[in-house]
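# Observations on the model geometry
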Amino acid sequence: MKYSLTSKNLILLFLAALVVRVALIVATPQGNSILDLCIYIDSGQLVSHGVNPYNFNDNPTLRQQLRQDNFAFTPFTCSTQDKWDYFASSNLPLALLTFGVIDTISSSYFFYRFVFAFLDSLLSILILYFVLQKIPLRSSFRGLNATQLKWIIGIGLGALNPVILLNGTIIAEHKGTAILLLLAALVTAQSPKVSVKNYLSPVLLGLSIAFIGLGVFLFPLCLWYACWEEKWVWSRKTTGAALRYIGIVILTALICFLPFLPEIFEMMWLRIAGSMGLVNHTNQNWYPYFSAPYHSSAWRIVYMGWPEGWKIIKNGYLILFVMVNIYGVWQRKYDMRMLSANLLLLFLGVFLLDGSLDRINMALLPAILLVGQSQGKKILPLILLYWIGGALDILVAFLLQVNPIWETLYLSEFKIFESVFVLAFLIFYLILLAKIALGPHRVDGK
């Protein structure tokens, strides 16, 4: 195989990634009953029938019918109409519109999962492109030259990324699509073509905000690339370009949000506030407010070992994280790429208390790519930790499916292993940040 970025190689890799994912879909029919997939289907059914998911008074008859039928039924979300209405409206507008389009074409478990797999396969190509073109690796490693090493990394983080294979295909999720939009906005912002970085990039960034909201964390970085080309030089030209870029981002996002105003804002507040433990339980005892870490949060395993003191550990990590960042900025060791990665990781990995790995990975994977673009080979140990942790996650999840009794013997469920994995990632990431901040050289992308 010639290690070159040709159309033929990209098509072959895309097809290989898609075949792997379709095979996993066929091999895991039990994935059809996963709660998140059923929520996406419920949302898609509402949108495809012209019902506003955020307005609970819009077509209550259809809502009750969809809740009580056997398709996409889960005992938890379908136990009451209030629960069903909340979860069917628990994603941002562009995600719901995407589910609606899928449902319009084919309202079936397989097709939903296939579309997610197709988009994740596109993501795998974009990740390979990013690694090959944007991450500076020039030295050999254990007999591999720099190009071969980049291909291995690109495929390992993309087509054969174990975290996304489990939390994207086996467990059907749309978070890979969110990363695809984020990365596409970032890549196009760096395009040498003026029309691409001035118009396509802000549209993609606006779509990423409307899809899952995380585009706001890459907004400054994309703006920096598109309008200042990595150098803060103020002029009438750059100011005008920045205003145009910002305007296109806002307009694109607004087009998606407008049909669902104002109800969308209540859902956004409840999701964020509940996930960060900022609100108390209401009289709706089912509502998912989290006063303690849950799912795959890094702090869940800490809470299990020290229920009274987990916040001390979390806040201690937060203080260290902020101090290292302040020092790194003061010493001019961090660039915009690293700061964007750090903000994204801080929000999804540190502050949120209830994220499953699919959600937290929307910070882990972009952080790896951004720090890799900034620091080159310094990111290699973190990539290795990420891939091994993801592979072990698949193994643990598989073993618990083979013998459910092990769920009692082995940490109750595989998400607790994911909590250990995320905590390890955060610790190693902080160590990497400290090494860079205390190192002798300025950030130069090498």
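Overview of the structure. Predicted model, so just to flag it, every value in this text is computed and none were measured.

Taken N-terminus to C-terminus, the directions of helix H17 (residues 357-375) and helix H20 (residues 414-438) make an angle of 25°; their axes are 12 Å apart at the nearest point. What the angle tells us is that H17 and H20 run roughly parallel. Note on packing geometry: the crossing formed by H17 with H20 is left-handed. On the side of H17, the interface is formed by Leu 357, Ile 360, Leu 364, Ala 367, Ile 368, Val 371 and Gln 375, while H20 contributes Glu 418, Phe 421, Val 422, Phe 425, Tyr 429, Leu 432 and Ile 436.

This part is about the packing of aromatic side chains. Throughout the structure, instances matching the rule amount to 20 aromatic pairs. With 6.4 Å between their ring centres and 40° between their planes, Phe 114 and Phe 118 make a pair best called tilted. Taken together, the residues span about one helical turn, with Phe 114 and Phe 118 both in helix H6 (residues 109-134) at a distance of 4 residues.

Another aspect to go through is the pattern of salt bridges. Tallied over the full model, the rule gives 5 salt bridges. The residue Arg 63 makes a salt bridge to Asp 85 at a minimum N-O spacing of 2.9 Å. Taken together, the positions of Arg 63 in helix H3 (residues 60-68) and Asp 85 in helix H4 (residues 81-88) put the pair 22 residues apart, joining distant regions of the chain. Considered together, Arg 63 and Asp 85 belong to a single accessibility category, that of buried residues. Its salt-bridge partner being Asp 354, residue Arg 359 comes within 3.1 Å of it at the nearest N-O pair.

Since the α-helix advances by 3.6 residues per turn, residues separated by three or four positions end up pointing in the same direction. Taken together, the buried positions of helix H14 (residues 298-305) are occupied by Ala 298, Trp 299, Arg 300 and Val 302. Its buried side turned inward, H14 meets helix H15 (310-330), helix H16 (336-351) and H20.

This part takes up a nonpolar patch on the surface. Together, Leu 384, Trp 387, Ile 388, Leu 392, Leu 395, Phe 398 and Leu 399 give the surface a local cluster of nonpolar side chains, amounting to about 650 Å² of exposed area. Counting through the fold element by element, Leu 392 comes out in helix H18 (residues 380-402). Residue Leu 392 is classed as partly exposed on the basis of its relative accessible area of 38%.

Moving on, we get to the nonpolar core. Grouped together as the largest cluster of nonpolar side chains are 119 residues, with contacts concentrated most on Leu 157, Leu 183, Leu 214, Tyr 245, Trp 299, Tyr 386 and Tyr 429. What Leu 214 contacts, discounting residues up to four positions off in sequence, is Leu 182, Ser 208, Leu 344, Phe 347, Leu 348 and Met 362. In terms of nonpolar packing, the next biggest core, distinct from the first, is built from 11 residues, Ile 125, Leu 132, Trp 151 and Ala 159 among them.

This brings us to the packing of H14 against H15. With their axes 8 Å apart at the nearest point, H14 and H15 run at an angle of 145° to one another. Relative to H15, H14 is oriented so that their crossing is right-handed. On the side of H14, the interface is formed by Trp 299, Val 302 and Tyr 303, while H15 contributes Trp 310, Ile 313, Lys 314 and Tyr 317. Here the contact of H14 with H15 is composed, by residue class, of 6 nonpolar, no polar and 1 charged.

Below, the discussion takes up the side chain of Asn 91. Checked against the element boundaries, Asn 91 lands in the loop between H4 and helix H5 (93-105). Contacts of Asn 91, omitting those with residues within four sequence positions, involve Tyr 40, Tyr 54, Leu 96, Phe 99, His 174 and Met 267.

The linkage connecting Leu 261 with the following residue, Pro 262, adopts the cis geometry, with an omega of 0°. Following the sequence through the fold, Pro 262 ends up in the loop between helix H12 (236-257) and helix H13 (263-275). If you check the backbone angles, Ala 72 has positive phi at about 55° while not being a glycine. Of note, Ala 72 is situated in the loop between H3 and H4. According to the relative accessible area criterion, Ala 72 is buried, its value standing at 0%. A positive phi angle is found at His 295, which is not glycine, with a value near 55°.

Each value, and the rule that gives it
Residues numbered from 1 in each chain as written. Predicted model: local features only at pLDDT ≥ 70, side-chain atom pairs only at ≥ 80, totals over all residues. Heavy atoms only, no water. Axes fitted to C-alpha atoms, helices over the stretch in contact; angles between N-to-C directions. Helix = DSSP H or I, 4+ residues; strand = E, 2+ residues; numbered from the N terminus. Parallel < 35°, antiparallel > 145°, perpendicular 65-115°, else oblique. Left-handed = near helix turned anticlockwise from the far one by under 90°. Contact = heavy atoms within 4.5 Å. Phe/Tyr/Trp six-rings, centres within 6.5 Å; stacked < 30°, edge-to-face > 60°. Salt bridge = Lys/Arg side-chain N within 4 Å of Asp/Glu carboxyl O. Buried < 20%, exposed > 50% of the residue type's maximum accessible area, 1.4 Å probe, protein only. Patch = residues over 30% accessible without salt bridge, like charges linked within 9 Å, V, L, I, M, F, W, Y side chains within 5 Å. Areas by Shrake-Rupley, 256 points an atom, 1.4 Å probe, with all protein chains shown as cover. Core = buried A, V, L, I, M, F, W, Y, C linked by side-chain atoms within 4.5 Å. Nonpolar A, V, L, I, M, F, W, Y, C, P; charged D, E, K, R; others polar.

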